[in-house]
Amino acid sequence: MTTSADWFDRARAVTPGGVNSPVRAFGSVGGTPTFTAEADGAWITDVDGNRRVDLICGWGPLLLGHSHPEVVAAVQDTAAKMMCPGGSTPGEVELAEAIVKRLEGSGVDEVRLVSTGTEATMTAIRLARGATGRDLIVKFAGCYHGHSDGLLAAAGSGLATLALPGSAGVPEAITAQTIVVPYNDLDAVRAAFAEHEGRIAAVITEASPANMGVVPPAPGFNRDLAAICHDNGALLICDEVLTGFRTGPAGWWGREQEDPERGGWQADIYTFGKVIGGGMPVAGLGARREIMDHLAPLGAVYQAGTLSGNPVAVAAGIATLRLATDEVYATIDAASDRIIAAARREFARVGLPVAVQRVRNLFSFAFGDGEALGWTGRDEFGVSAPTNEDEVKRQESWRYPAFFHAMLDAGVNLPPSVFEAWFLSSAHDEDALAAIEAALPAAADAAAAV
Ligand code: PMP
């Protein structure tokens, strides 16, 4: 048998670090990454023959679990007819229509489909610059928007200052067009607008951040952020690549509109990915018609893609959105309640203080006593919780590798980093949820023992 360890050796000989995306390398938890042989519903089986409950779900796309039969059928039927015809196909139109319909009231009239979230946010920024005639972009520390140069920016030393490269190979001249400010901090955004009056094209934000663990926006944060942008002639780019059509039928934007404390705002450009491809490479951006008209071929902002709107890929997205009923979201919300309750019970039993970081069906846990660590928020249980990247990083992240490996040994596949959300799906049934609950006690013991 060729084991995961064998495959990892072979992989390292032909691929940097043995992986095609860095987090897969188990860098922050240690050990050998597993190589998947097959995946079905809530379960994933590695080449070593271990079958585990999966809480990664493709990093978000698999709202319905792995290889839902109707999604697979849609992909197979389409692939048998065509794979890459090079011209337009009906599926692209149907997927764009489905997205626009779900986002009624958001201002999204039109959608341009691309293949990855990185492309979607990169294009959104070019579009915002083209539409406003301004150059600067504001982003929040700890929000991830893909790996385009200007978004791989790290905060400089002071508030509202121009950013430094967050990766080798990114010129300072490029990140000098990006201003990085702390999340949930509207005063920092106001200061950036005051310092760079008339020069900021857009603020980009995750609808609800989930790439520093989940850090919910404070009630009204997105609404006030939109107002500040609009008062200053700038656009708000709401990145729903991860939250879109996962946290609710109209994404996190839609969930906020259901809540009087949070609703009543529109972004100018929204980005999508993950769920709209149902596990295939589809992403997109949407906006009002007058903004989208700036894109080629109508306007002067160029964007293109050989595989954009690929028919096989969009077939998976159309089927996924068709099957993502209100009931699906209610099921995953309830499953999240159950797993959060079970985890809290076990952490309490072993005496580990832990904050629940959560927006609906997206959650993660921050280890540590928030009062001692200076966290300034509260979770839904009234426990002290982190509100931005600086606070999140103060947590006892060194407990996570032990927790992660104990879960893995007990048959649960968690994200290999404490700074990632846990992803459930509608395929996580009684068997899968019970298996997670059964794994938690030993993992909580392991986290407490380090
Ligand atoms: N934006 C957000 C909010 C994301 O979570 C991600 C990926 N996790 C991206 C953009 C980039 O998407 P992709 O990995 O498809 O390029």
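Residues numbered from 1 in each chain as written. Predicted model: local features only at pLDDT ≥ 70, side-chain atom pairs only at ≥ 80, totals over all residues.

Focus on the overall build of the protein
Cut-off, in case you're wondering: Each helix corresponds to a stretch of at least 4 residues labelled H or I by DSSP, and each strand to a stretch of at least 2 residues labelled E; elements are numbered beginning at the N terminus. Radius of gyration means the value over C-alpha atoms here, while the globule rule gives 2.2 Å times the residue count to the 0.38 power. The burial criterion counts other C-beta atoms lying within 10 Å of a residue's C-beta, which is placed from the backbone; the residue is buried at 20 or more, exposed at 12 or fewer, and partly exposed between these limits. Contacts here follow a simple rule: the backbone-placed C-beta atoms of the two residues must lie within 7 Å.
Counting its regular elements, the protein contains 15 helices and 18 strands. Since a compact globule built from 450 residues should have a radius of gyration of about 22 Å, the 21 Å found for the protein is in line with a globular shape. On the principal axes, the C-alpha backbone points of the protein span a range of 60 × 55 × 45 Å. For the protein, with 450 residues in total, the buried portion stands at 50%. Counted over contacts in the protein with a minimum sequence separation of 6, partners at least 24 positions apart contribute 73%.

Remarks on the sheet that holds strand E13 (residues 354–359)
Selection criterion: Only strands joined by at least two bridges in the DSSP assignment are considered to pair. All axes here are fitted lines through C-alpha atoms, helices being fitted over the stretch that makes contact, and every angle between N-to-C directions spans 0 to 180 degrees.
With respect to topology, three strands assemble into an open sheet ordered E13-E14-E18, the strand pairing being antiparallel. If you trace the sheet from one side to the other, it starts and ends with E13 and strand E18 (422–423), each paired once. As defined by bridge partners, E13 adjoins strand E14 (residues 362–367) across six bridges and the pair is classed as antiparallel. Directly across from Arg 358, in E14, lies its bridge partner Phe 363. Its contacts with the sheet place helix H11 (residues 326–349) against E13 and E14, and it is angled at close to 170° to E13.

Overview of the site of the ligand
For the record, the criterion: Residues are counted as near a molecule or strand when the C-beta atom, derived from backbone positions, lies within 6 Å of that molecule or strand. Under the scheme applied, nonpolar residues are Ala, Val, Leu, Ile, Met, Phe, Trp, Tyr, Cys and Pro; charged residues are Asp, Glu, Lys and Arg; polar residues are all the others, including Gly.
Every one of the 15 residues lining the ligand counts as a neighbour, but Gly 117, Thr 118, Gly 146, Val 241 and Leu 242 are closest to it. For the shell around the ligand, the leading source of residues is helix H4 (residues 117–132), giving three residues. Taken together, the residues of the shell around the ligand break down into five nonpolar, eight polar and two charged.

So, the packing of helix H6 (residues 186–195) against helix H7 (residues 221–231)
Selection rule: In this scheme, roughly parallel covers angles under 35 degrees and roughly antiparallel covers those over 145, while 65 to 115 is roughly perpendicular and the rest are oblique.
Close contact between H6 and H7 brings their axes to 11 Å; oriented N to C, the two are set at 10°. The angle between H6 and H7 falls in the class roughly parallel. Counted together, Leu 186, Val 189, Arg 190 and Phe 193 of H6 and Phe 221, Asp 224, Leu 225 and Ile 228 of H7 form the full contact between these two elements. Taken together, the residues that form the contact of H6 with H7 break down as six nonpolar, no polar and two charged.

Remarks on the packing of helix H3 (residues 90–102) against helix H10 (residues 311–323)
Note the cut-off: Take the far helix as your reference; a near helix turned counterclockwise from it by less than a right angle gives a left-handed crossing, and one turned clockwise gives a right-handed crossing.
Where H3 contacts H10, the axes come no closer than 9 Å and their chain directions differ by 35°. Here H3 runs over H10; the crossing is left-handed. Contact residues: Gly 91, Glu 92, Glu 94, Leu 95 and Ala 98 in H3; Pro 311, Val 314, Ala 315, Gly 317, Ile 318 and Leu 321 in H10. For the contact of H3 with H10, the per-class residue count stands at seven nonpolar, two polar and two charged.

Re the UniProt feature "modified residue: N6-(pyridoxal phosphate)lysine" (unreviewed entry) in the protein
The test is simple: UniProt positions are given in the numbering used here, feature names are shortened, and annotations may be inferred rather than shown by experiment.
On the UniProt side, "modified residue: N6-(pyridoxal phosphate)lysine" (unreviewed entry) is annotated at positions that read Lys 274 here. Mapped onto the fold, Lys 274 is located in the loop between strand E11 (269–272) and strand E12 (283–287). Judged by the 28 C-beta atoms lying within 10 Å of it, Lys 274 falls in the buried class. Excluding anything up to four places from it in sequence, Lys 274 contacts Gly 60, Pro 61, Val 241, Leu 242 and Arg 246.

Quick notes on the pairing of E11
Heads up, the rule is: Look down the strands so they point away from you; if going from the first strand over the helix to the second traces a clockwise path, that crossover is right-handed.
What you see with E11 is no split at all: Ile 269 and Thr 271 on one side and Tyr 270 and Phe 272 on the other are buried throughout. Taken together, strand E10 (residues 235–240), helix H8 (residues 251–257) and E11 constitute a β-α-β crossover, and its handedness is right-handed. Pairing analysis gives four bridges linking E11 to E12, with the strands arranged antiparallel. Paired with Thr 271 across the two strands is Leu 285, which belongs to E12.

A word on H6
Rules: The arc in question is traced by the directions running from the helix axis to the C-beta atoms.
Considered for burial, the residues of H6 that qualify are Val 189, Ala 192 and Phe 193. The buried residues of H6 all sit within an arc of 95° when viewed along its axis, so they share a single face. Of the exposed residues in H6, the ones pointing more than 90 degrees away from its buried face are Asp 187 and Ala 194. Of the surrounding elements, those touching the buried residues of H6 are strand E5 (136–140), strand E8 (178–181), strand E9 (200–206) and H7.

A word on the nonpolar core
Where we set the bar: By convention the nonpolar core is taken to be a set of buried residues drawn from Ala, Val, Leu, Ile, Met, Phe, Trp, Tyr and Cys and joined through C-beta atoms within 7 Å. Per the annotation, domain bounds derive from an automatic or database assignment of domains.
Judged by nonpolar contacts, the single largest core of 136 residues is most densely connected at Ala 128, Ala 202, Val 203, Leu 235, Leu 236, Ile 237 and Ile 269. The two domains that each donate at least three residues to this core are domain 1 (4–63 + 325–449) and domain 2 (69–323). Contacts of Ile 269, omitting those with residues within four sequence positions, involve Ala 124, Leu 127, Ala 128, Leu 235, Ile 237, Leu 285, Ala 287 and Ile 291.

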